[in-house]
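# Structural overview for review
Here are the chains, one letter per residue:
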Amino acid sequence: MSKKILTLGMLVAFFFTSCKETPKQETVKQETPKQETNKQDVSVSKANKETNPLIGSWIEPIPGQEKKVQGIKINDDGTAESINMATLLYKKWWEKDGKLILVSESIGNHSSGIDTLEYKIVVLNNTDLELKDGNYSLKYKRQ
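Residues numbered from 1 in each chain as written. Predicted model: local features only at pLDDT ≥ 70, side-chain atom pairs only at ≥ 80, totals over all residues. Heavy atoms only, no water.

## A short note on the nonpolar core
Judged by nonpolar contacts, the single largest core of 17 residues is most densely connected at I72, Y90, L100, L131 and Y140. Among the elements of the structure, β2 (65-74), β4 (88-96), β5 (99-106), β6 (113-124), β7 (128-133) and β8 (136-142) are those that each provide at least two residues to this core. In terms of residue count, the dominant contributor to this core is β6 (3 residues). Contact partners of Y90, with chain neighbours within four places excluded, come to G71, I72, A80, E81, S82, M85, L102, V103, S104, L117 and Y140. (Core = buried A, V, L, I, M, F, W, Y, C linked by side-chain atoms within 4.5 Å. Buried < 20%, exposed > 50% of the residue type's maximum accessible area, 1.4 Å probe, protein only. Helix = DSSP H or I, 4+ residues; strand = E, 2+ residues; numbered from the N terminus. Contact = heavy atoms within 4.5 Å.)

See below:
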């Protein structure tokens, strides 16, 4: 008798567990339109790759370890890569209305999340790139 109750309990638990999968699928579907928009914006960057001064590797000293550097590599195909940053992985980029938009994945503290960061381009020339978000400022040198 106890085996039947145990089996019935496991079937009920399996049923409720399988019902929880539906919301996760809906969340993925909600993110799809945003990703399509980003792909359209990235194509703008591709069209300007011959003349876009953002293309290249940009570095800054690591705070507290000034002999080492970290930064971002902006590729002409709309992808981006982190330089010496294991917990912040840049994925995509595009430029719009004087702003640099970066899609990044944070993988620190045993969790991960994807974020879209938007920075105003304050300085951009052959050697310097300064980005600003409110009071937060990033100052890079071309590598």
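The rest of the description comes next.
## So, the sheet that holds β6
The pairing of strands in a sheet comes from backbone hydrogen bonds and takes either a parallel or an antiparallel form. An order of β3-β2-β1-β8-β7-β6-β5-β4 is seen for the 8 strands of this open sheet, with the pairing classed as antiparallel. Each of the sheet's edge strands pairs with one partner strand only, and the pair in question is β3 (80-83) and β4. Averaged over neighbouring strand pairs, the angle between their axes works out to 30° when direction is ignored. Here 7 bridges tie strand β1 (residues 56-62) to β2, and the two strands are oriented antiparallel to one another. Within β2, the residue paired with G56 across the bridge is I74. (Pairing = 2+ DSSP bridges. Axes fitted to C-alpha atoms, helices over the stretch in contact; angles between N-to-C directions.)

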